[in-house]
Amino acid sequence: MLKQKIILNFSSRIFVRFMQIAAGIVVARIAGPTVLGTVAFGTAYVGMFNFLSGLGLGGAHIKLVSEERDLGKCIATYIRLKFFSTSFFIAAVVLFFLYQKYILNVNFESDVHQYVIFISLAVCSIQSFLNIPERTFAAKIEMAKHTLPQVSRMIIHHILRIILVLLGFKALALAMSNLFAIVVSIPLVLYLFRGYPFASYDKELAKQYIKIAAPLIVSAISLSLMMSVDKVLLQFFSDSEQVGYFTAGFVLGSLLLIVQGIGGIFFPLFSKAIAQNNSEYIKDKVNKWERFIFIFMMPVVLFATIYADSIILFVLGEKYIHSIAVMRVINIAILIRVLLTPYGNILTGKGLFLLVAKLEILNLILLSGTLVLFIHPDLLNLKAAGAAFSRLAVNLFSGILFVYFARQKLSIIKQVNNLKFVVFGAVNFLAAFVLYNHFISVWGNSFRLLFPLLYFPATYSSLILLRWIRKEDLEMLKALIDLKKMKQYIGSELKG
């Protein structure tokens, strides 16, 4: 059933991502970049502290449960630790906000920005507690239970966003839609969590949680800041409009993140395989992951990168012309990040959390430094595009480091099997980009409509002629639409 677990995760993320993009297009076109930027800023402001709500305990919970420790004791211990971490998170956000406002006398752009911050705080606090069952589902690789509440929540949220913006509401109401959606999802999560064992708090087990979580805290700090600091610095170095341009380009350019969550399955799988000394299993999964990305996802990402100007102008309009560069750079940045996902999970699966923490700190330092260089008004002042270039630099740097150390720690994956696809992708992109821009200047908008009909047949015909697409690759694609097996898997897990 592993294939169905991966496919369910993948298909649900496709659905959610397209809903997010559709809702984002409506909000962006009607509300404008300033409203979009206001909501993004409030979410990012709270997100900088989100590591405090977890303190690395989620990763520790997945590792301990995946190692088949006493589930009842794990859940009870995780709940108590989670209560303290979430309380600490709430206090930190409130105190920092008060310190900024009344001690440092920081002037926020508007009162709405402040309201959105506290609405986002409520959303993150509730999500922190919902992580208890969701992390348990992830540890048990019960992807139907893990996915269903998240998809339901996103459906409610994005439908509400569209309705509210069509009715003329602005940033405050859009933020409230997220709060409403997460509150409504609580009964469903609790229902799916019924029947799980619940024992007493175990002091010795808590020490193991803390021991595993300690280095993960550093990673959590780095990841929380890395997800938020670009939008926060954009707000303070420029304004909400630039945050809106960056957010719009990021949303449209991050389609490949639909497969990022699939990589999360690797953590418990690799942890178990390493415990069983089954390195061949890991090698096989890494190779299949890379082939899947190179064959089925890379051509789509490269097309979207070339075609970004047409996509932005068509779906958002000329007022978002500054988002074109953002989308193009973010596409490549996320392709690198997703492609190399398994290598980070090899390190965490081997329990090398301290090494991962050190690498994440380096990433955060690089991100902060390049952000200041690229977007500070007294330096390069590239604004939204500068934030995107900063993301690209960090993803490339961290990807190289994770691959290097993963191959040092697990020598069986040292072989380079898929380098030919990298070369093919580079040649494909450069040739298509040059031809696209040339014929746009000659034939105008008529070629915009023709380009997709030329690009995909030419790309996949080349792969077939080179005999780089194998029978098992097509079987993998066929499995994506095997609805009968998917129905059996979901039914068996939910009944179980």
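Residues numbered from 1 in each chain as written. Predicted model: local features only at pLDDT ≥ 70, side-chain atom pairs only at ≥ 80, totals over all residues. Heavy atoms only, no water.

## Comments concerning the overall build of the chain
Next up, step 1: Helix and strand content of the chain: 22 helices and 0 strands.
Next up, step 2: Within the span of the chain, comprising 496 residues, buried residues form 54% of the whole.
Next up, step 3: Put simply, of all contacts in the chain between residues at least 6 apart along the chain, 84% involve residues at least 24 apart. (Helix = DSSP H or I, 4+ residues; strand = E, 2+ residues; numbered from the N terminus. Buried < 20%, exposed > 50% of the residue type's maximum accessible area, 1.4 Å probe, protein only. Contact = heavy atoms within 4.5 Å.)

## Focus on the packing of helix 13 (residues 279-306) against helix 20 (residues 445-465)
Next up, step 1: Remark: helix 13 packs on helix 20, axes separated minimally by 11 Å, with the N-to-C direction vectors making an angle of 150°. With respect to their mutual orientation, helix 13 and helix 20 come out roughly antiparallel. For the pair helix 13 and helix 20, the sense of crossing is right-handed. Between helix 13 and helix 20, the contacting residues are Ile295, Phe296, Pro299, Val300, Leu302, Phe303 and Ile306 on the first element and Phe451, Pro452, Tyr455, Phe456, Thr459 and Tyr460 on the second.
Next up, step 2: Residue composition of the contact of helix 13 with helix 20, grouped by class: 12 nonpolar, 1 polar and no charged. (Axes fitted to C-alpha atoms, helices over the stretch in contact; angles between N-to-C directions. Parallel < 35°, antiparallel > 145°, perpendicular 65-115°, else oblique. Left-handed = near helix turned anticlockwise from the far one by under 90°. Nonpolar A, V, L, I, M, F, W, Y, C, P; charged D, E, K, R; others polar.)

## Examining the pattern of salt bridges
Next up, step 1: Scanning the entire structure with this criterion turns up 7 salt bridges.
Next up, step 2: In this structure, the salt-bridge partner of arginine 153 is glutamate 134, at a minimum N-O distance of 3.5 Å. Taken as a pair, arginine 153 in helix 7 (residues 143-166) and glutamate 134 in helix 6 (residues 111-139) lie far apart in primary sequence, 19 residues in all.
Next up, step 3: Residue class for arginine 153 comes out buried when judged on its relative accessible area of 6%. (Salt bridge = Lys/Arg side-chain N within 4 Å of Asp/Glu carboxyl O.)

## Remarks on helix 10 (residues 240-253)
Next up, step 1: The terminal C-alpha atoms of helix 10 lie 19 Å apart, and with 14 residues this matches the ideal 20 Å at 1.5 Å per residue to within 8%.
Next up, step 2: Across the 14 residues that make up helix 10, a large majority, 12, are buried.
Next up, step 3: Residues of helix 10 that are buried include every one of Ser240, Gln242, Val243, Gly244, Tyr245, Phe246, Thr247, Ala248, Gly249, Val251, Leu252 and Gly253, and no others.
Next up, step 4: You can read the cap of helix 10 off the contacts: a side-chain oxygen lies 3.1 Å from the backbone nitrogen of glutamate 241, and it is on aspartate 239. (Expected span 1.5 Å × (residues − 1). Polar contact = N/O pair within 3.5 Å; in protein donor to acceptor, adjacent residues only side chain to side chain.)

## Things to note about unusual backbone geometry
Next up, step 1: A positive phi angle, close to 55°, is found at asparagine 381, a residue other than glycine.
Next up, step 2: Its location among the elements puts asparagine 381 in the loop between helix 17 (353-375) and helix 18 (383-409).
Next up, step 3: Unlike most non-glycine residues, arginine 467 shows phi in positive territory, near 60°.
Next up, step 4: Given the relative accessible area of 74%, arginine 467 is considered exposed.

## Some remarks on the packing of helix 17 against helix 18
Next up, step 1: At a minimum axis distance of 9 Å, the contact between helix 17 and helix 18 shows a crossing angle of 160°. By the criterion of interaxial angle, the relationship of helix 17 to helix 18 is roughly antiparallel. When the axes of helix 17 and helix 18 are compared, the crossing they make is right-handed.
Next up, step 2: Of the residues that constitute the contact of helix 17 with helix 18, the class distribution is 17 nonpolar, 5 polar and 4 charged.

## Re the packing of aromatic side chains
Next up, step 1: Using the criterion set out here, one finds 36 aromatic pairs in the structure.
Next up, step 2: Here the aromatic rings of phenylalanine 303 and tyrosine 307 are separated by 4.9 Å at their centres, their planes lie at 25°, and the arrangement is stacked.
Next up, step 3: When its relative accessible area of 12% is taken as the criterion, tyrosine 307 is described as buried.
Next up, step 4: Ring geometry for phenylalanine 447 versus phenylalanine 451: centroids 6.0 Å apart, planes at 50°, classification tilted. (Phe/Tyr/Trp six-rings, centres within 6.5 Å; stacked < 30°, edge-to-face > 60°.)

## Remarks on the nonpolar core
Next up, step 1: The biggest cluster of nonpolar side chains holds 86 residues, and the ones touching the most others in it are Leu252, Ile293, Leu316, Tyr320, Tyr343 and Phe451.
Next up, step 2: Ile62, Ala138, Ala206 and Leu216 belong to the second largest nonpolar core, which has 24 residues in total. (Core = buried A, V, L, I, M, F, W, Y, C linked by side-chain atoms within 4.5 Å.)

## Let's talk about the environment of isoleucine 163
Next up, step 1: Take isoleucine 163: it is sitting in helix 7.
Next up, step 2: Given a relative accessible area of 42%, isoleucine 163 falls into the partly exposed group.
Next up, step 3: Each C-alpha atom of the pair isoleucine 163 and alanine 23 lies 9.6 Å from the other, and the pair is 140 residues apart in sequence.

## Brief notes about the environment of leucine 164
Next up, step 1: Its location among the elements puts leucine 164 in helix 7.
Next up, step 2: On the accessibility criterion, leucine 164 (16% relative accessible area) is buried.
Next up, step 3: Counting along the chain gives 10 residues from leucine 164 to leucine 174, while the straight-line C-alpha distance between them is 6.9 Å.
Next up, step 4: Those residues in contact with leucine 164, other than ones at most four positions away along the chain, are Phe169, Ala173, Leu174 and Ser177.

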